[in-house]
Amino acid sequence: MYQLSFHAMGCQMHVWLDSTADGIDLLQQVPEWVEEIEQALSRFRPESELSRLNHQIGSWVRVSPPMFDVILQAKHAARSTGGLYTPLILGALIASGYDRSFDLMAGYAAETTSEDALIANWHDMQIDIHSRRVWLPGEIDLGGIAKGWTAQWIANRLSDYGACMVDAGGDIVTRGKYEWDVIIADPFSSEPIASVQIRDAAVATSGTDYRRWLQGDRLQHHLIDPRTAQSAVTDVISATVIHPDGPTAEAYAKALVVLGAQPGLEWLQHQWDGTGLVVQQDRAVLMTPTMENYLRRI
């Protein structure tokens, strides 16, 4: 079993590969793959493809294959969550003070703003699959969807050489013959509260317990409620979703946080392959009945 850890996309990334090929050589290529993806999808790089795209709102723009695929996934996620997730939140994130990479947010007091952010309607996103062009009604942040997509893309690529697991800062995708053990951590202590086993599937965790900052006297976090254009007010501190598709798992986890524990879990049970667990602010752990099919310890 070969293993690699490195920092990218604002998080720590881990990759495991069981291969008869030269696993060390294969894994050493992964940071280069991620760098190419980040150069396209990061909103914190002024020269990135995403930054250039955000300066062409209201115009048809031909984009690269990775950008096109992630935007396609993002619109699908908006549709499947009924707009509880949308990529069109960049203005709201900036208005809340999240205007720089979180690596630079330590000790940073965000400026207050008197302007209310407006979130464009995701229905107005237009995609031309024949010419690989997109038309956006507002600025986008691909954030977590991009991480879920990246973890899945890497896992799919490595699976040609053997069983693998990719963890992109909580967005986990597995491929191959093994059932992989994945730990779900208690957001209050970082100790394990559950262990699940997954095979050819994804696990995504979103929460309000990290990526937080002060804006004036208000504590903000990065999970925006598209209905209010503000940091979500919720009784959920973390939500974990298991799903066959990485970007969908990411979107469902965000929807769980936005909806709150009981309404969110009820909503999730009616989604395709919806399986999840939440930790509430009062430390209570709730889950869908299907979660028990994966659970090994709690």
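Calculation rules
- Residues numbered from 1 in each chain as written.
- Predicted model: local features only at pLDDT ≥ 70, side-chain atom pairs only at ≥ 80, totals over all residues.
- Heavy atoms only, no water.
- Helix = DSSP H or I, 4+ residues; strand = E, 2+ residues; numbered from the N terminus.
- Expected span 1.5 Å × (residues − 1).
- Buried < 20%, exposed > 50% of the residue type's maximum accessible area, 1.4 Å probe, protein only.
- Arc of directions from axis to C-beta.
- Contact = heavy atoms within 4.5 Å.
- Salt bridge = Lys/Arg side-chain N within 4 Å of Asp/Glu carboxyl O.
- Pairing = 2+ DSSP bridges.
- Axes fitted to C-alpha atoms, helices over the stretch in contact; angles between N-to-C directions.
- Core = buried A, V, L, I, M, F, W, Y, C linked by side-chain atoms within 4.5 Å.

Engineer: Can you tell me about helix α2 (residues 30–41), naming the residues and giving the values?
Structural biologist: Taking 1.5 Å of rise per residue, the 12 residues of α2 would be expected to cover 16 Å, and the 16 Å separating its terminal C-alpha atoms lies within 8% of that figure. What α2 keeps buried is the set Val30, Trp33, Val34, Ile37, Glu38, Ala40 and Leu41. Considered in projection along α2, the buried side chains sweep an arc of 160 degrees and stay on one side of the axis. In α2, the exposed positions that point more than 90 degrees away from the buried face belong to Glu32 and Glu36. In the core, the buried residues of α2 are packed alongside β1 (2–8), β2 (11–19), α1 (23–28), α3 (49–53), α4 (65–80) and α6 (143–158).

Engineer: Give a detailed account of unusual backbone geometry, specifying residues and quantitative values.
Structural biologist: With the exception of glycine, most residues fall at negative phi, and the peptide bonds are largely trans. A positive phi angle is found at serine 190, which is not glycine, with a value near 70 degrees. Here serine 190 shows up in the loop between β9 (180–185) and β10 (192–198). At alanine 229, a residue that is not glycine, the phi angle is positive and equals roughly 60 degrees. Judged by relative accessible area, alanine 229 falls into the buried class, the value being 10%.

Engineer: Give a detailed account of the pattern of salt bridges, specifying residues and quantitative values.
Structural biologist: Applying the stated criterion across every chain yields a total of 6 salt bridges. Put simply, arginine 133 and aspartate 128 hold a salt bridge, and the shortest N to O gap is 3.5 Å. Look at arginine 133 and you get partly exposed, because its relative accessible area is 29%. When salt bridges with common partners are traced through the structure, they connect Glu35, Glu38 and Arg45 into a single cluster.

Engineer: Kindly report on the sheet that holds strand β18 (residues 285–287), identifying the contributing residues and their values.
Structural biologist: By definition, the strands of a sheet pair up through backbone hydrogen bonds, in either a parallel or an antiparallel sense. One open sheet holds the 8 strands; their spatial order is β1-β2-β7-β8-β11-β16-β17-β18, and the pairing between them is antiparallel. The outermost strands of the open sheet, each flanked by one partner alone, are β1 and β18. Taking the axes of each pair of neighbouring strands and ignoring which way they run, one obtains an average angle of 10 degrees across the sheet. Bridge analysis of strand β11 (residues 202–207) against strand β16 (residues 236–243) gives 6 bridges, and the strand direction is antiparallel. Opposite alanine 204, over in β16, you have valine 241 as the bridge partner.

Engineer: Please set out the nonpolar core residue by residue, giving values where relevant.
Structural biologist: One finds Val30, Leu53, Leu142 and Leu158 to be the most contacted residues of the largest nonpolar core, which totals 66 residues. For this core, the element with the highest residue contribution is helix α7 (residues 246–259), accounting for 8 residues. Residues within four places of leucine 53 in sequence aside, it is in contact with Val61, Val63, Met67, Ile71, Val134, Leu136 and Ile140. Grouped together as the second largest cluster of nonpolar side chains are 19 residues, Trp180, Ile193, Val279 and Leu295 included.

Engineer: Go over α7 with me, naming the residues and quoting the values.
Structural biologist: Helix length check: α7, at 14 residues, gives a terminal C-alpha distance of 20 Å against a target of 20 Å (1.5 Å per residue), a fit within 8%. Burial analysis of α7 places 13 of its 14 residues in the buried class, the great majority of the element. Glycine 260 occupies a position one or two residues after α7 and carries a positive phi of about 95 degrees.

Engineer: Requested: an account of the pairing of β2, with residues and values cited.
Structural biologist: In this structure, β1 lies alongside β2, joined through 7 bridges in antiparallel fashion. Bridge pairing links histidine 7 to glutamine 12 in β2. In textbook terms, the turn of a hairpin is the stretch between consecutive antiparallel strands, and for β1 and β2 this stretch comprises 2 residues, one of which, methionine 9, has a positive phi near 55 degrees. Direction of pairing for β2 relative to strand β7 (residues 162–168): antiparallel, over a ladder of 7 bridges. Each bridged residue has a counterpart across the sheet, and for methionine 13 the counterpart in β7 is alanine 168.

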